[in-house]
Amino acid sequence: KAGVTQTPRYLIKTRGQQVTLSCSPISGHRSVSWYQQTPGQGLQFLFEYFSETQRNKGNFPGRFSGRQFSNSRSEMNVSTLELGDSALYLCASSFVKETQYFGPGTRLLVL
Amino acid sequence: DAKTTQPTSMDCAEGRAANLPCNHSTISGNEYVYWYRQIHSQGPQYIIHGLKNNETNEMASLIITEDRKSSTLILPHATLRDTAVYHCIVRVAGGGQKLVFGQGTRLTINP
């Protein structure tokens, strides 16, 4: 069974731009969660989607948003990028409320 | 979710068993213990989880004390590829999919 896939793997943007990251969960998984990892803050939870609805949200500003499609694929969007948004963005999927499996991540660099 | 305490770093010789401890003294009766590891710049990899019984899979063994206040992850025959940061996490089964990661234990396997 294929794992969680994330695209793109690497991305360079400039301050003020917006970015959209994509996540395809493991087949059959309906829950998708997003995390941000930075050297200073470690791994932090952004939000979780289940059946196209946001079910849980971390403590991030409104510039960070996401959505989930009927096929469980998910996207997250960051608007008005700041230098501090440079990070590894990780997506994890699970079957309903079971073990989460992570993708390889998207490394975003904001210049 | 309960907090966990892990040593910052550990070393182990290749071929020996690596024993990684985790304290979770405030764990609740319905919280599972999960272990993930993260190799540099990759997404966290699920290793094993358990509630109160010892668990074993192809990757590792998990030993949970009878009072459930601590646990040990055992990699029976460590290889150089096991060098990674290991995270011990407790979460409620069936609860929200927010995983709270600490700094973990940086395990170095030496040849």
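Further up the page is the structure itself.
Description of the structure in this document. Residue positions within a chain follow its written sequence, with the count starting from 1. Here the convention is simple: chains get letters from A, ligands get numbers from 1, in the order in which they are written. Only residues with pLDDT of at least 70 get local features here, since the model is predicted, and only at 80 or more are side-chain atom pairs given and counted; chain-wide, interface and lining totals rely on the full set of residues. Note that the side-chain values use all heavy atoms of the structure and ignore hydrogens as well as water.

On to the state of the cysteines, then. Note on disulfides: each one is a pair of cysteine sulfur atoms within 2.5 Å. Considering all chains together, one arrives at two disulfides over all chains under this definition. The residue that forms a disulfide with A:C23 is A:C91, at a sulfur-sulfur distance of 1.7 Å. Here the S-S torsion is close to -55°, and the disulfide linking A:C23 with A:C91 is therefore left-handed. In this pair, A:C23 is assigned in strand β3 (residues 19-24) and A:C91 in strand β9 (residues 87-94), connecting sequence segments 68 residues apart. Of the two residues, A:C23 and A:C91, neither departs from the other in class, the shared state being buried. Here B:C22 is linked by a disulfide to B:C88, with a sulfur-sulfur distance of 2.1 Å. One quick way to see it: the torsion about the S-S bond of B:C22 and B:C88 is about -80°, and its sign makes the bridge left-handed. Of this pair, B:C22 sits in strand β2 (residues 18-23) while B:C88 is found in strand β8 (residues 84-92), placing the two residues 66 residues apart along the sequence. On the basis of relative accessibility, which here comes to 1%, the residue B:C22 falls in the buried class. On the basis of relative accessible area, B:C88 is assigned to the buried category, the value being 1%. Working definition: helices are DSSP H or I runs of at least four residues, strands are E runs of at least two. Numbering for both runs from the N terminus. Between buried and exposed lies partly exposed: a residue is buried under 20% and exposed over 50% of the maximum accessible area for its type, with that area taken using a 1.4 Å probe on protein chains only.

Moving on, we come to the sheet that holds strand β1 (residues 5-7) of chain A. Residue and element names in this part refer to chain A. By the convention used here, strands pair only if DSSP detects at least 2 bridges between them. In spatial order, the strands read β1-β3-β8-β7; together these four strands make up an open sheet with antiparallel pairing. In this open sheet, the two strands that pair with only one neighbour each are β1 and β7 (64-68). Adjacent strand axes in the sheet meet at a mean angle of 20° when their direction is disregarded. To define axes, lines are fitted to C-alpha atoms, for helices over the stretch in contact only, and angles between the resulting N-to-C directions are given on a 0 to 180 degree scale.

It is worth spelling out the sheet that holds strand β6 (residues 61-64) of chain B at this point. Residue and element names in this part refer to chain B. Here we have four strands laid out as an open sheet, ordered β2-β7-β6-β5, and antiparallel in their pairing. Edge positions in the sheet fall to β2 and β5 (55-56), since each of these pairs with one other strand and no more. Relative to strand β7 (residues 70-75), β2 is paired through six bridges, and the arrangement is antiparallel. When the bridges of β7 are listed, N23 appears paired with S70.

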